Protein chains: 2
Amino acid sequence: MRSQGHDGRGRPRLEQSRRPGNTAREEILDAAAELFTTIGYAGTSTRRIADAVGIRQASLYHHFATKDDILDALLAGTVDEALRLAGELLTGPGPARSRLRGLVIADCSQLCASRWNLGALYLLPELRIERFAQFRASREELRRRYRALAAQVIAECDGIADADDLPFRLVESVINRRSDNEECTPETPSVIADAALRILGC
Amino acid sequence: MRSQGHDGRGRPRLEQSRRPGNTAREEILDAAAELFTTIGYAGTSTRRIADAVGIRQASLYHHFATKDDILDALLAGTVDEALRLAGELLTGPGPARSRLRGLVIADCSQLCASRWNLGALYLLPELRIERFAQFRASREELRRRYRALAAQVIAECDGIADADDLPFRLVESVINRRSDNEECTPETPSVIADAALRILGC
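Residue positions are given per chain, counted from 1 along the sequence in the order it is written. The naming scheme follows written order: chains are lettered A onward, ligands numbered 1 onward. Since the coordinates come from a predicted model, pLDDT governs what is reported: local features require at least 70, and pairs of side-chain atoms require 80 or more to be given and counted, while whole-chain, interface and lining totals use all residues. Where side-chain values are given, they derive from all heavy atoms of the structure, hydrogens and water being excluded.

As recorded by an unreviewed UniProt entry, chain A carries the name TetR family transcriptional regulator and is attributed to Mycolicibacterium rhodesiae.

Focus: the overall build of chain A
Put simply, DSSP marks the helices as runs of H or I at least four residues long and the strands as runs of E at least two long, and each gets a number from the N terminus on. Across its full length, chain A carries 8 helices and 0 strands. If one aligns the C-alpha atoms of chain A with their principal axes, the spans along those axes are about 65 × 35 × 30 Å. Only four residue types enter the tally: Lys and Arg on the positive side, Asp and Glu on the negative side; His and the chain ends are excluded. For charged residues, the charge sits on one atom: NZ in Lys, CZ in Arg, CG in Asp, CD in Glu. Taken together, the 28 basic and 29 acidic charged side chains of chain A have centroids lying 5 Å from each other.

Considering the relation of the copies chain A and chain B
Least-squares superposition of the copies uses the C-alpha atoms of those residues scoring a pLDDT of at least 70 in each of them. Rotating chain A by 180° and moving it 0.0 Å along the rotation axis overlays it on chain B with an RMSD of 0.0 Å. Both chain copies can therefore be described as sitting about a two-fold axis. When C-alpha positions in chain A are compared against the rotation axis, the closest is assigned to I199(A), at 2.6 Å. When the interface residues of chain A are mapped onto chain B, 100% of them again lie at the interface, so the same face is used by both copies. Working rule for contacts: check all heavy atoms of both residues, and any pair within 4.5 Å makes them a contact.

Let's talk about the interface of chain A and chain B
Between chain A and chain B, the contact holds 36 residues from the first and 36 residues from the second. The junction of chain A with chain B conceals about 3000 Å² of combined surface from both sides, 51% of it contributed by carbon and sulfur atoms. The term buried area means the drop in 1.4 Å probe accessible area that two parts suffer when joined, counted for both and summed. Interface area lost by chain A to chain B is led by L123(A), R169(A) and R198(A), which between them contribute 22%. Salt bridges are identified by distance alone: a Lys or Arg side-chain nitrogen within 4 Å of an Asp or Glu carboxyl oxygen. One can count 8 salt bridges joining chain A with chain B. Where D180(B) meets R169(A), a salt bridge forms, and the shortest distance between an N and an O atom there is 2.8 Å. Between N or O atoms, a polar contact is any pair within 3.5 Å; within protein, one atom must be a potential hydrogen donor and the other a potential acceptor, and residues adjacent in sequence are included only when both atoms are from side chains. Inspection of the region where chain A meets chain B yields 10 residue pairs in polar contact (both at pLDDT 80 or more). Those elements that provide at least two residues to the side of chain A that touches chain B are α1 (24-38), α6 (133-157), α7 (166-179) and α8 (188-199) of chain A.

Observations concerning the UniProt feature "DNA-binding region" (unreviewed entry) in chain A
UniProt positions are given in the numbering used here, feature names are shortened, and annotations may be inferred rather than shown by experiment. Within the UniProt annotation, "DNA-binding region" (unreviewed entry) is assigned to residues 45-64 of chain A. Helix and strand shares over residues 45-64 of chain A are 75% and 0% respectively, and the end C-alpha atoms of the span are 13 Å apart.

A short note on α8(A)
Count 3.6 residues to each turn of an α-helix, and residues three or four apart come out pointing the same way. Counted at 1.5 Å a residue, the expected span for α8(A) with its 12 residues is 16 Å, and the 16 Å between its end C-alpha atoms agrees. In terms of burial, α8(A) is largely enclosed, as 10 of its 12 residues are buried. Burial status follows relative accessibility: with a 1.4 Å probe on protein chains alone, a residue under 20% of its type maximum counts as buried, one over 50% as exposed, and anything between as partly exposed. Listed as buried for α8(A) are T188(A), P189(A), V191(A), I192(A), A193(A), A195(A), A196(A), L197(A), R198(A) and I199(A). Its buried side turned inward, α8(A) meets α5 (96-113), α6 and α7 of chain A together with α7 (166-179) and α8 (188-199) of chain B. After α8(A) finishes, the residue G201(A) shows a positive phi value of roughly 90°. In a helix, the anticipated span is given by 1.5 Å times the number of residues less one.

Digging into the packing of helix α6 (residues 133-157) of chain B against α7(B)
In a packed pair of helices, the relevant descriptors are the angle between the two axes and the axis-to-axis distance. All names here are of chain B. One way to put it is that α6 packs onto α7 with a least axis distance of 8 Å and a crossing angle of 125°. Viewed along their axes, α6 and α7 adopt a mutual orientation that is oblique. Of the residues in α7, those touching α6 at R139, L142, R143, Y146 and A150 are P167, F168, R169, V171 and E172. To get an axis, fit a line to the C-alpha atoms, keeping to the stretch in contact for a helix; angles then go from 0 to 180 degrees between the N-to-C directions. Working rule for angles: under 35 degrees goes down as roughly parallel, over 145 as roughly antiparallel, 65 to 115 as roughly perpendicular, anything else as oblique.

Observations concerning the pattern of salt bridges
According to the stated counting rule, one finds 44 salt bridges over all chains in the structure shown. The shortest N-O distance in the salt bridge between R97(A) and E156(A) comes to 3.0 Å. Of the two residues, R97(A) is situated in helix α5 and E156(A) in helix α6; the sequence distance between them amounts to 59 residues. Note on R97(A): relative accessible area 33%, which makes it partly exposed. What makes E156(A) partly exposed here is its relative accessible area of 34%. E182(B) is the salt-bridge partner of R177(B), the closest N and O atoms lying 3.7 Å from each other. In this structure R177(B) comes out as buried when scored by relative accessible area, which is 15%.

Some words on the UniProt feature "domain: HTH tetR-type" (unreviewed entry) in chain A
Under the local residue numbering, the UniProt record ascribes the feature "domain: HTH tetR-type" (unreviewed entry) to residues 22-82 of chain A. The straight-line gap between the two end C-alpha atoms of residues 22-82 of chain A is 24 Å; of that span, 75% is helix and 0% is strand.

Some words on the domain arrangement of chain A
How big an interface is tends to be expressed through the accessible area that disappears when the partners come together. Residue and element names in this part refer to chain A. Domain extents, as shown, originate in an automatic or database domain assignment. Entries for chain A in the domain assignment read domain 1 (1-64) and domain 2 (67-199). Between the C-alpha centres of domain 1 and domain 2 the distance comes to 28 Å. At the interface, 20 residues of domain 1 touch 14 residues of domain 2. Among the ionic pairs, R115 bridges to D30, the shortest N-O distance being 2.9 Å. Counting only elements with at least two residues in the side of domain 1 that touches domain 2, the list comes to α1 and α2 (46-53). Per-element accounting of the side of domain 1 that touches domain 2 gives the leading share, 9 residues, to α1.

Points about the nonpolar core
In terms of nonpolar packing, the biggest core is built from 131 residues, with I70(A) and I70(B) touching the most fellow members. The residues contacting I70(A), other than those within four sequence positions of it, are I28(A), L29(A), A32(A), F36(A), I49(A), L60(A) and F64(A). By nonpolar core we mean a set of buried residues, namely Ala, Val, Leu, Ile, Met, Phe, Trp, Tyr and Cys, connected to one another through side-chain atoms within 4.5 Å.

Below, the structure is given as structure tokens:
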């Protein structure tokens, strides 16, 4: 994985000069996301992340006190926008099925477009500790909003009550798909959105 | 996690005298499955597995040469029976939708009933190495058989062609559900099976 090239400070970089991010913080997050999703969370040290960015470990600690803090910031990035949108759409105007469709398309598009497949970290046993309680609560709240919106759709189209959790699951299956080395196509979000409505019996 | 109790040989056990398995091999697999899914794969040593069973590390090596070998045996156990059944049902008699339904029910039931939620390990970056090529090929073949059976259903009911990968994904969502501490109910397999048919447009 590691490029043999060195930057100006003579440090090896994972991907020379091509790491996205306008700030050191963004570069750290990108390098960590790459390492966590390719080598694994337990196997990645903060030292290795600092090396991949081309900064000193002490500089990394200026931005993030621990490796868990980096993971927490990355995980939050996978749910925060969907959570906000779900809250807005839950009480918005128009047919419930259009609102659910909008949420599924936006959330799938985000999961498809992210440079690293961070959702693959959701199932890590390491996330069960207190440090990640807030992330777990956010994802649980996102799931609750999906269910509430799905329940509105089910009421609207006289659908199948016990399917209300499945649209959320179907959206997250994009993560498994990417993990199986099958990247999304431009159609993936709308394929998933249509399937989510069928699954509710509409 | 670890119980403070000791067995006859004075070794601490994870769960004293209640580990299932008629043979040392089965006890090792059960202890490893517990540790991998609660502590994490990278963070579990063969020493810790041996301790959890109450055997010496040397005895463990008699059954499994490496930790990867233990993981490989556990992963194979999550797909082998579904793979066999899928092969049988793919060319079996009767309507395709009954055959797909039978596969989904059997596979979900197995994923729900397993003592440890081993599917949570599918997304580990550690599985990308050559050692797990055979497991990855088996799971890929299972997925291919799901798709082929789904394509028969789609042809049968004039359904939605681009949904053919979704029944497999929906079945594996049982793993995410368990990982979110929501255990299956007795109805889960048939809820998923009915949803898999709706998702195909039937």
